[in-house]
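Close look at the chain arrangement
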Amino acid sequence: MSYLRFERSLMTNLEESLSRELLRTNRSGAYSCSTIVDCNTRKYHGLLVVPVPELDEENHVLLSSLDVTVVQHGAEFNLGLHKYRGNNFSPNGHKYISEFNCDSVPTTIYRVGGVVLKKEVVFQHYEDRILLRYTLLDAHSSTTLRFRPFMAFRSVREFTHENSAANRDYQLVDNGIKTQMYKGYPYLYMQFSKGNEFVFHPDWYRGIEYPKEQERGYDSYEDLYVPGYFETEIKKGESIVFSASTSEIKTGGLLKLFQKEVDERNPRDNFYHCLVNAAHQFHNTKNGSECYLLSGYPWFKSRARDTFISLPGLTLAIDEVGYFEKVMATAGKGYKEFMREKPVTVSLSEIDQPDVPLWAIWSIQQYAKVVGDEKCLKKYGKFIFDILHFLLEGKHPYMRVEDNGLVYVDGKGKVMTWMNSTVNGRLVVPRNGYIVEINSLWYNALGFAARLNKIEGDAQFTETLEELSARCKESFVKTFLNDYGYLFDYVDGNMMDWSVRPNMLFAIALDYSPLTADQRKSILDVCTRELLTPKGMRTLSPKSGGYNPICAGPQMQRDLSYHQGTAWPWLGGFYMEACLKIYRRTRLSFIERQLVGYEDEMQTNCLGTLPEMFDGNPPFKARGAISFAMNVGEILRTLSILEKYTDII
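Scope of this entry: the structure provided in the associated data block.

Procedures and definitions
- Residues numbered from 1 in each chain as written.
- Predicted model: local features only at pLDDT ≥ 70, side-chain atom pairs only at ≥ 80, totals over all residues.
- Heavy atoms only, no water.
- Helix = DSSP H or I, 4+ residues; strand = E, 2+ residues; numbered from the N terminus.
- Rg over C-alpha atoms; globule rule 2.2 N^0.38 Å.
- Buried < 20%, exposed > 50% of the residue type's maximum accessible area, 1.4 Å probe, protein only.
- Contact = heavy atoms within 4.5 Å.
- Areas by Shrake-Rupley, 256 points an atom, 1.4 Å probe, with all protein chains shown as cover.
- Lys, Arg positive; Asp, Glu negative; His and termini not counted.
- Charge placed at Lys NZ, Arg CZ, Asp CG, Glu CD.
- Patch = residues over 30% accessible without salt bridge, like charges linked within 9 Å, V, L, I, M, F, W, Y side chains within 5 Å.
- Salt bridge = Lys/Arg side-chain N within 4 Å of Asp/Glu carboxyl O.
- Phe/Tyr/Trp six-rings, centres within 6.5 Å; stacked < 30°, edge-to-face > 60°.
- 1 Å grid on protein atoms, 1.4 Å probe; cavity = no way out; pocket = protein on both sides within 12 Å on 5 of 7 lines; lining within 4 Å.
- Points joined across faces, edges and corners; volume = space filled by probe spheres on them.
- Nonpolar A, V, L, I, M, F, W, Y, C, P; charged D, E, K, R; others polar.
- Pairing = 2+ DSSP bridges.

1. Describing the overall build of the protein chain
Within the protein chain one finds 17 helices and 35 strands. Taken against the 2.2 N^0.38 rule, which gives 26 Å for 649 residues, the C-alpha radius of gyration of the protein chain at 26 Å falls within 12% of a compact globule. Classification of the 649 residues of the protein chain by burial places 62% in the buried group. A separation threshold of at least 6 residues defines the contact pool for the protein chain, and within that pool the share at least 24 residues apart is 66%. Looking at the protein chain as shown, the accessible area adds up to about 24900 Å², and 47% of this sits on carbon and sulfur atoms. The average position of the 75 basic charges and that of the 80 acidic charges among the side chains of the protein chain differ by 1 Å.

Dropping the structure here:
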């Protein structure tokens, strides 16, 4: 039985089908995204969305969608679907869908009278080219297909409207046309695997509406330009491939190219395989050698913290050590430039955040578990020790090592941690001073570095690290542990934040913990009672002041709730790791049940991946980005850890 298969009853029910999205990427920054019924509901949706570095750093929607019309005996059946202002859907092509399947490549079966048409979609790896294959499975008389492209040529953050500046010119190319709506953009090449007729019939389709933007309090409608339509006959059993790209292709090879791309795809036939495919979608290769991980889709770029947190799960957990090393080479280069106060030449934002170097060391620590300490030391030892010297010498602009062994973050009024939402320039969750997860990472880094340095290093430096680690351990307990059995979120002088937040999890989940077994159990129990949900850990306990678990509505409303009770799966990954470390095999069945909450998401929201966050209260609705790297990475890493525990039994 197919894992990602939906029948007619769901596909024709727009209330169900419009909430399910589909994402495909080329591993170089471009993507294709829409709903499973091909009705765009976000301004970020599009059939071909590509970066245009000549214009800016944003992605741009070139081809919004492609409507296909089946013509028989002069009767036309349009398979497209758009939402127009006034809650009007047209032309209602979803009513012809009999089945949708996404186990291999997205496949839609349309049934129009005696016509059965199959559509399959792939995004060519490392090329800005989307390919659609149409196969006529059955027909009792001659059949013609008409293809009508809807073009936008705009940034994903903007809208296009009818205007006289749009260029209507086009040029014929091999089995298609090329066109460029505005100067500065690349040409859009639309080609077919067989001969066809292009009928120039320019028009604007006005008032197309995006309900997801309405929900988020933004403008929500635009006009799309249609230059005309392509028309070709198709015989029973015949396949036709449509290509939309920023470069021309020899159309004689389109059928073989499509099949080659299909053959390279891994199946999405279970939870694990879905997550592996999702992991690959975050790959982003630039300039032929720079390798990144995008933080999420559809609006995130590459961020330093997200990269180091998600990297082990997205690579090591699925036996892709090579890509770990490539990403680390790029990110490591950027951080070395930052430490040397040189311009950062890699495309990695937020590299100056205090916890970034400590997450980098944690990420390398996971690498050591796979390849061994000696190989890890040889490859990354110098990088780790350079980071520690950088911090110990007080060179970080926002963080210093105190005499008590803890690290102090000094960045009042600035974003200093992953809880980074702001409203009118003010932090929603201001955190300054001794921050619990940063000091947990610091203690862990000291322990790991001391272990590596013992293999082949300066004995005096090892002694320094161990002495500092001992001071850090003692100070950590005195500073953060309160009488109620959990940890303060941050401490700054006489200011102690009593909020129950998941940031204390890292003190019990990391390999080196400054806490005793009883202290760790107490903290885990508090997290379980007040923060745990089926979709991850709440960012704030319902018992704490300011609890706001629903991240919906306009921008300000969402910013106010972003870290005030919403649930995040990546935090759930560290929670499950802590459970296994503290209770070991006695919690295996509990962890397996907890993972069911994430597997449920494979067939909802964006198929086969995990969104950015969920509401902290039932029914735990998905919010934010439709696919989020840290969430996918941490659940994959949890599955890898779980496998090791089950192998022991």
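2. Focus: a nonpolar patch on the surface
A cluster of nonpolar side chains, namely Tyr170, Leu172 and Phe200, defines an oily patch on the protein surface of about 310 Å² accessible area. On the accessibility criterion, leucine 172 (66% relative accessible area) is exposed.

3. Examining the environment of phenylalanine 506
In this structure, phenylalanine 506 sits in helix H12 (residues 506-509). With residues near it in sequence (within four places) discarded, phenylalanine 506 still touches Trp359, Glu437, Ser440, Trp570, Leu571 and Phe574.

4. A few points about the packing of aromatic side chains
Tallied over the entire structure, the rule returns 42 aromatic pairs. Judged by centre distance (4.7 Å) and plane angle (45°), the rings of phenylalanine 476 and phenylalanine 480 are tilted. Of this pair, phenylalanine 476 and phenylalanine 480 are both found in helix H11 (residues 459-480), 4 residues apart, which corresponds to roughly one turn of the helix. A residue is classified by how much of its surface remains accessible, and phenylalanine 476, at 0% relative accessible area, is buried. Among the aromatic residues, those joined into a cluster by ring pairs are Tyr44, Trp299, Phe300, Trp359, Trp362, Trp418, Phe506, Tyr562, Trp568, Trp570, Phe574 and Phe628.

5. Some thoughts on empty space enclosed by the protein
In total, this model carries 5 cavities of 30 Å³ or more according to the counting rule given. Residue lining of the largest cavity: 28 residues in total, with Ser34, Asp38, Leu47, Lys119 and Val121 positioned closest to the centre. Looking at the lining of the largest cavity, the elements that each hand over two or more residues are strand E2 (21-25), strand E3 (31-35), strand E4 (46-51), strand E5 (59-72), strand E10 (107-112), strand E11 (115-123) and strand E12 (129-138). In terms of residue count, the dominant contributor to the lining of the largest cavity is E5 (5 residues). The wall of the second largest cavity is formed by Arg303, Arg305, Asp306, Trp418, Asn420, Tyr562, His563, Trp568, Phe628 and Met630. For the lining of the second largest cavity, the per-class residue count stands at 5 nonpolar, 2 polar and 3 charged.

6. A word on the pairing of E11
A large share of E11 lies buried, amounting to 8 of its 9 residues. Of the strand pairs in this sheet, E10 and E11 are connected by 6 bridges, and their pairing is antiparallel. Note on E11: the bridge partner recorded for valine 112 is valine 115. In sequence, E10 turns back onto E11 through a hairpin of 2 residues, with glycine 113 there showing a positive phi of about 60°. Across 8 bridges, the pairing between E11 and E12 is antiparallel. By the bridge assignment, leucine 117 is partnered in E12 with leucine 136. Linking E11 back to E12 in an antiparallel pair, the connection comprises 5 residues, with tyrosine 126 at a positive phi of about 65°.

7. What about the pattern of salt bridges?
Two side chains carrying opposite charge are able to pair once their charged atoms lie near each other. A complete count under the given rule lists 37 salt bridges for this structure. Through salt bridges that share partners, Lys369, Asp511, Glu577, Lys581, Glu634 and Arg637 make up one connected network.

8. Points about the sheet that holds strand E28 (residues 490-492)
The pairing of strands in a sheet comes from backbone hydrogen bonds and takes either a parallel or an antiparallel form. Ordered by their spatial adjacency, 3 strands build an open sheet running E27-E28-E29, and the pairing between neighbours is antiparallel. Where the open sheet ends on each side, the last strands, each with one partner, are strand E27 (434-435) and strand E29 (495-496). Pairing of E28 with E29, which is carried by 2 bridges, proceeds in the antiparallel orientation. Bridge pairing links valine 491 to methionine 496 in E29.

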